[in-house]
Amino acid sequence: MNPIRRIYTFFHKNLLTKTMAIGVVLALMGTTCLIQLANIQLVNGKGMAQAAAQSRTTTVTLKARRGKIMDTNGAILAQSVERYTIIGNPEQAQAFIPTTCTKQTGSNCHQINGKPVGVTGAAAVARLLAPVLGMDATELGAKLSISGQYVVLKKDVTPAVKRKISKLNLGGIVYAELSNERLYSNGTLMGSLLGGVDADGKGVAGIEQMENKTLTGRDGYQVYQQGNSGVEIPGTMTESKDAVNGSDVTLTIDRDVQWYTEKVLSDSENKYHSAWGIAMVQDVQSGDILALADSDTTEAGSDQAKMGASRAVSETFEPGSIGKVLAMSGMLQLGLHKIDDKFTVPNTVTVEGQTYKDAVDHGNEHWTLAGILEQSSNVGMVIAGDKMTNEQRYNFISKFGIGQATGLNLPGESEGVLHPSDSWDRRTRNTVLFGQGYTVNVMQLTNAVSVIANRGVKKPQRIIKSITDTAGHVEERQSKGEATRVIDESVASQMLNAMESSAEHYNTFVKVDGYRMAAKSGTAEVAGANGQLTSIISDYSTIIPADNPRFVITVVLKDPQGSFGGLTAGPVTAEIGEFLMQKYEVPSSSPRTDAIPVNW
């Protein structure tokens, strides 16, 4: 065989062998593929399909909206509004390539002010998104340049902004999660009293905390499959539960009265240079609180509002001579004295080695029991209380609600301090007769004076008026506790009369034209910043109108210039009283004709 023939035969055999080998390999591969395909379709097809569906399935939370807080007339004080948290997918952002806008791409493209984006990846997404979110593109690009598939880009975005984002054609890269933002439309009005919510929407202070369970709704959810763009694939929802919004809470607070009371307190700080002020307005007949104010300017919902209770709720103080109303009521109720009993009252008196003195020096005065209240005589109270036992003194102060929880359950409320009578020393047993030796909060003191205005009955106070659920059903919130009689109606009437004389003692400074007032002033020494008795509490509590009681107003000032409650806190109550008479169109008072003699 010639050489050429041998070469041809060699390559022919080897080529045939290789071809056959390749054919065998291809046949094996084809068979394997067929077997695998059969396995996928016939054996594991259902499982593979389920796995694919599962990878696309997501559970989306439907956020419930927190209920509103409103004033007694329906004015909104706090509400939650629809907001969105904008989320980015960094991995998708970094792989992003903008689509050039042409006739073929239509509106499904990307441009900035009619021009191409100019970059790709996270920088391109940032350039498109930054103007809509009002953020710096560099900052936004940095957030989208991290690893992972989830980063919060911005919180509390409005629905209008969310709609603009939807038009950017960034589905699967940027999307929105529904959330709520708590808004307080009245700024510092009731700031600390309303309190605030934390980042999870939970009430952490004030009424937001007290009524958190009522205001909080129940979140719902949806389970569905989503496509590559991150939107729901139609017809794939398998499970859902609607969100139930929280119930609305209506307060007894009247926003107008609250606003005016806060304004007057602020003005009083400037006028009397007081360290702080507290004021409260209560409806006599219902026990409803119409205003509960302090002079602190705290934005509702702010960090400051979340960190502490309203001063009007938490501050306690000695009531000073307003406490004489409680002790004198006890003397009359026990039959130890009549309101027109006659006393000779010196400037000082010494009992069991303890000397007591009146605020203003005087000689021996001839005052009735009503006159002792009108002149606010500490000495007179000690003399008149001679036959009153320690236990009786304690019982009557306690019956008026001192040293006990109000039942309002306001966060941060202090009950004050009223020690048991068996722990009193020789001095305290007498100082309690004129409002020293125990402490109160403004709610307790106002309700105690309301007993006189309400014919001897102590009514439970109320600051929550009603609850309205999402279906619109309104449930009246009843006061906690029962109305209790503290003193007889005749005793209350006599005390009201004596308090009207006390108010007339200050009518040069404290008056509301056309209306009679019954009141008591108080001044007490309290510990200052140095721990010594270097500070003054001046307070004043007014029943108006005296001839037909509608409201009790209490004002408390710390360290005012002028000291005495009748000269400082008193005029503030008159300003509030004048506003109340006008707002509620209260008829003018009839002339006073039954004044009990204060001198003899």
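First things first, this report covers the structure right here in the doc. (Residues numbered from 1 in each chain as written. Predicted model: local features only at pLDDT ≥ 70, side-chain atom pairs only at ≥ 80, totals over all residues. Heavy atoms only, no water.)

1. Some thoughts on the side chain of Gln258
And then number 1: With respect to the secondary-structure elements, Gln258 resides in helix 10 (residues 255-272).
And then number 2: Using a relative accessible area of 0% as the deciding quantity, one classes Gln258 as buried.
And then number 3: In this structure, Gln258 is in contact with Leu189, Met190, Ile253, Leu290, Ala291, Leu292 and Ala293, ignoring residues within four places of it in sequence. (Helix = DSSP H or I, 4+ residues; strand = E, 2+ residues; numbered from the N terminus. Buried < 20%, exposed > 50% of the residue type's maximum accessible area, 1.4 Å probe, protein only. Contact = heavy atoms within 4.5 Å.)

2. Some details on the pattern of salt bridges
And then number 1: Within the structure shown, the criterion is met by 17 salt bridges.
And then number 2: Arg311 is the partner of Asp296 in a salt bridge, and the nearest nitrogen-oxygen pair spans 3.2 Å. You can see Asp296 sitting in the loop between strand 12 (289-294) and helix 11 (303-307) and its partner Arg311 sitting in helix 12 (residues 311-314), a full 15 residues away along the chain.
And then number 3: With a shortest N-O distance of 2.5 Å, Asp361 and Lys357 are connected by a salt bridge.
And then number 4: The network of salt bridges with shared partners includes Glu500, Glu504, Arg516 and Arg592. (Salt bridge = Lys/Arg side-chain N within 4 Å of Asp/Glu carboxyl O.)

3. Side note on the packing of helix 4 (residues 121-133) against helix 6 (residues 159-166)
And then number 1: Relative to each other, helix 4 and helix 6 sit at 160 degrees, their axes nearing to 10 Å. With respect to their mutual orientation, helix 4 and helix 6 come out roughly antiparallel. Both helix 4 and helix 6 take part in a crossing whose hand is right-handed. Residues Leu129, Val132 and Leu133 of helix 4 pack against Val161, Lys164 and Ile165 of helix 6.
And then number 2: Looking at the contact of helix 4 with helix 6 residue by residue, the class counts come to five nonpolar, no polar and one charged. (Axes fitted to C-alpha atoms, helices over the stretch in contact; angles between N-to-C directions. Parallel < 35°, antiparallel > 145°, perpendicular 65-115°, else oblique. Left-handed = near helix turned anticlockwise from the far one by under 90°. Nonpolar A, V, L, I, M, F, W, Y, C, P; charged D, E, K, R; others polar.)

4. Considerations on the state of the cysteines
And then number 1: Per the stated rule, a full pass over the model turns up one disulfide.
And then number 2: One disulfide in the model links Cys101 with Cys109; its S-S distance is 1.9 Å. Judged by the sign of its S-S torsion, about 95 degrees, the bond between Cys101 and Cys109 is right-handed.
And then number 3: Classification of Cys101 as partly exposed rests on a relative accessible area of 27%. (Disulfide = S-S within 2.5 Å.)

5. As for the sheet that holds strand 11 (residues 276-283)
And then number 1: Pairing in this open sheet of five strands is antiparallel, and the strands run 12-11-23-22-21 from one edge to the other. For this open sheet the edge positions go to strand 12 and strand 21 (518-526), each flanked by a neighbour on one side alone. Direction aside, neighbouring strands of the sheet carry axes that sit 10 degrees apart on average.
And then number 2: In terms of strand pairing, strand 21 meets strand 22 (residues 535-544) through nine bridges, oriented antiparallel. What sits directly across from Ala519, in strand 22, is Thr542. (Pairing = 2+ DSSP bridges.)

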